Amino acid sequence: MLRAMFVKCVLMALVISTSIAISAAESFKRRASCNEGERRCFGKDKASPFYYRCTNGQWTLYTCGSGNTCSGSGPGTKCVSGSTPPPVCQNGQRRCVGSSDKALYYLCSDDAWKLYSCGNGYQCKQTSPLQAACIPTAPPQCTSGTQRCIGKAGSYSSCVDGQWQYKSCKPGDRCINIPGGLINCKAQGILASLLQTAKSKDPITSQWCGQATHKTHPDLIHENETTHGIKATEYEARRQRLVRDLPKGSVAVVFSAPMLFVAPHVFHQFRQDSDFYYLTGWNEPNSVGVIEKSEHTSRGYTLTMFVNDKDPEKELWEGPRNGIEAAVSLFGADEARPIGEFKRHAEKLVSSLSNKEPDDSPIYADLDTDYDIQRSMHCKVFKKLLRQKSLGSRVHRLTAQIQQLRLIKSPAEIGLMREASRISSLAFIKTMQACRPGISEAALQSAFEHACKSAPVHSSSGMDQAALVRSAYVPVFASGEHALCMHYVQNSGIMKDGDLILVDAGAEFAAYASDITRTFPVSGRFSDAQRDLYSAVMSVQQQMVQLCHSNSEYSLNEIQRRSTRVLAQELKQIGFHASDSDISNRLYPHHIAHYLGIDVHDTMDMTRSQRLKPNMVVTIEPGIYVPYDDKFPKAFQGIGIRIEDDIVVGRAEKDIENLATLCPKTVEDIEACMLT
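I will try to describe carefully the structure that is included in this document. (Residues numbered from 1 in each chain as written. Predicted model: local features only at pLDDT ≥ 70, side-chain atom pairs only at ≥ 80, totals over all residues. Heavy atoms only, no water.)

Looking only at helices and strands, one finds 14 helices and 36 strands in the protein chain. Considering only contacts in the protein chain between residues 6 or more positions apart, those separated by 24 or more positions represent 63%. A total accessible area of about 32300 Å² is found for the protein chain, and carbon and sulfur atoms account for 53% of it. (Helix = DSSP H or I, 4+ residues; strand = E, 2+ residues; numbered from the N terminus. Contact = heavy atoms within 4.5 Å. Areas by Shrake-Rupley, 256 points an atom, 1.4 Å probe, with all protein chains shown as cover.)

Here it is, written out as structure tokens:
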């Protein structure tokens, strides 16, 4: 009988623990729920002046103020100081903590004192009875978006606008530093293991990721980087800048690109949606990110990602996946769930939004097909749910907000684009040297693409980084009269002696594009007419590059108009009598420039009428395409020429950087390269 009772108890324990595990595994979160208005004293020190208060479902640390302490527990938690009530403060007041050489200070916010830190290299100085200031003692070393634990407890600092702010995990949790200058609040005790996302136990696929990470590819992804060349703190700063510009209560939903198929079971190489990649670095299809603006979190928002979970059987057939845990530990999500749960989550989100006023809960998402770009099925699901609740009019375009951020490149982004242009320039040199009459345009294209993959890549490790290189777009290899077509991509002709070949091609390196065009003689020598026409276009290109700085107060559209006038002058000197209409509609019918970045034609929603700003990256690509028309000099008919470089906009002319300087461009340099 005792044995039967023992077995019964064991079975009941197993049932209870299994139920708890299943319930806990439904979601992987870093924050705890709490009852609105609930308070708890901080720590075990009975003289502590700190307490937690539940605000919008999250614990926030407060202080009782100078000379007061937190007392009691549960509903009886309160600030006491003998019979003196807690001090009343006015919003905006500041007080240093202790002597003036300390870095901590109190700030009155929401009618309560909150504790902040001046940050590394600063100290608090009381400037008046009601105000204090942070005075630098050494240069600040704080990058916005970074976080670091304080001691071994649950406190941490978060860098906002270059200043450290004091934050705290929920009671009972401890702070753990994670790669990329971020922290994670981890539960302790028996339930800690139950609150983790289940890990794959497969000995092979458990070691895989769907993309290169520092753990799997330390030669490609350095420590603290999420993707090659871009640190986790930069992705964090991007998301913070995005939500900072969104209205209070905003919800932004961003969708990954879908996998595209050539035929059943035969897929194209995957290319991530540029906005999704810019915000997360996540490079898998079938994913969704939900960003909810919140002033009650240390980051100013929460990010929930819906992704493919680890599945050993599917991974052995379809390739490795990052998995749910990686979305949180490596890619900055607060919470991650299987993609199959997105529809249920979206239904709850839409239902909640429908009960709020439009101004209180604006929705940002890109639900329509723009520029023939296909949307994922999850995007279509969300669009349908919004339509059912008649919320379509409340949706704003998210890409316009993100493209404003993408328009100005960070130093890290410029570094990647510099490398992409360097690889392309070296490939152009190899291509020029391989060019000769009698071979096909397709063969020359293959030579360029092989040279891009095999080009030596700058790396401190010296390791092969060809995995980061691929074509940025379908290239143009247009010899002879094929060059009269702006984007001839058949590349099927045979190159002939005496012809020019126009090559518009570029490598993509670590998701950032280059875009270079050169026109050179198939035989290695320009004819007199080819030299004259090429020199005219070259003169225009050089003059327009010199305008790519903010002090010029030019926009790309103004540079376009200027280039048309300069080209008319150059053509007149070599015998053209062309009207303005001839130049704009026939000889030079395209724009001289576009923005460049993750996409070749980057940030398409951004107008080219805005003035240039430092660290924009643009192309400058004037061209001339002379048709078979006796209105134009016969010696130039059938010739197409375009010259294109990638330019980093400077503040002044001396600050302009041409990323394609390695690529031969003058007549003399091209001929010397081809005859080497």
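Picking up after the structure, the text goes on.
On to the sheet that holds strand β36 (residues 657–658), then. Across the sheet, three strands lie side by side as β32-β35-β36; this open sheet has antiparallel pairing. Only two strands of the sheet have a single neighbouring strand rather than two, namely β32 (617–620) and β36. In this structure, β32 lies alongside strand β35 (residues 645–648), joined through four bridges in antiparallel fashion. When the sheet's bridge partners are listed, Val617 is paired in β35 with Val648. (Pairing = 2+ DSSP bridges.)

What follows deals with the pattern of salt bridges. Under the counting rule described, the total for this entry stands at 34 salt bridges. As a salt-bridge pair, Lys383 and Asp368 come within 2.9 Å of each other at their nearest N and O atoms. On the criterion of sequence distance, the pair formed by Lys383 in helix α7 (residues 377–388) and Asp368 in the loop between β24 (363–365) and α7 is long-range, its members being 15 residues apart. Relative accessible area serves as the criterion here: at 29%, Lys383 is assigned to the partly exposed category. Residue class for Asp368 comes out partly exposed when judged on its relative accessible area of 45%. Put simply, Asp602 and Lys409 hold a salt bridge, and the shortest N to O gap is 3.5 Å. (Salt bridge = Lys/Arg side-chain N within 4 Å of Asp/Glu carboxyl O. Buried < 20%, exposed > 50% of the residue type's maximum accessible area, 1.4 Å probe, protein only.)

All right, on to the pairing of strand β28 (residues 500–505) then. Counting buried positions along β28 gives six out of six residues, so the element sits mostly inside the fold. Burial of β28 is two-sided: the residues Leu500, Leu502 and Asp504 facing one way and the residues Ile501, Val503 and Ala505 facing the other way are all buried. Sheet analysis places strand β27 (residues 476–479) next to β28, joined by four bridges and oriented antiparallel. Across the sheet, residue Ala478 finds its bridge partner in β28, namely Leu502. Judged from the six bridges that link them, β28 and strand β31 (residues 516–521) form a sheet pairing that is antiparallel. Bridge pairing links Ala505 to Ile516 in β31.

What follows is about the environment of Ala513. Within the fold, Ala513 resides in strand β30 (residues 512–513). On the accessibility criterion, Ala513 (1% relative accessible area) is buried. C-alpha separation for the pair Ala513 and Met417, spaced 96 residues apart in sequence, amounts to 6.3 Å. Discounting chain neighbours no more than four positions away, the residues touching Ala513 are Met417, Ala420, Ala472, Ala507, Glu508, Leu596, Gly597, Ile598, Asp599 and Val600.

This part is about the side chain of His590. With respect to the element layout, His590 can be found in the loop between α13 (580–587) and β32. Overall, His590 belongs to the buried group, its relative accessible area being 16%. Among the polar contacts listed, one links the side chain of His590 to the side chain of Tyr625, at a separation of 2.8 Å. Once you skip the residues sitting within four places of it in the chain, His590 turns out to touch Met486, Gln560, Glu621, Pro622, Gly623, Tyr625 and Arg642. (Polar contact = N/O pair within 3.5 Å; in protein donor to acceptor, adjacent residues only side chain to side chain.)

Our focus in this paragraph is unusual backbone geometry. Its identity is not glycine, yet Asn286 carries a phi of approximately 60°, on the positive side. With phi around 55°, Ser390 is a residue other than glycine that occupies positive phi space. A relative accessible area of 61% places Ser390 in the exposed class.

We now examine α7. An ideal rise of 1.5 Å per residue puts 16 Å on twelve residues; α7 measures up with 17 Å between its terminal C-alpha atoms. Those residues of α7 that sit buried are His378, Cys379, Phe382, Leu385 and Leu386. Along the long axis of α7, the arc covered by the buried residues comes to 125°, so they all point the same way. More than 90 degrees from the buried face of α7, the exposed residues found are Met377, Lys380, Arg387 and Gln388. (Expected span 1.5 Å × (residues − 1). Arc of directions from axis to C-beta.)

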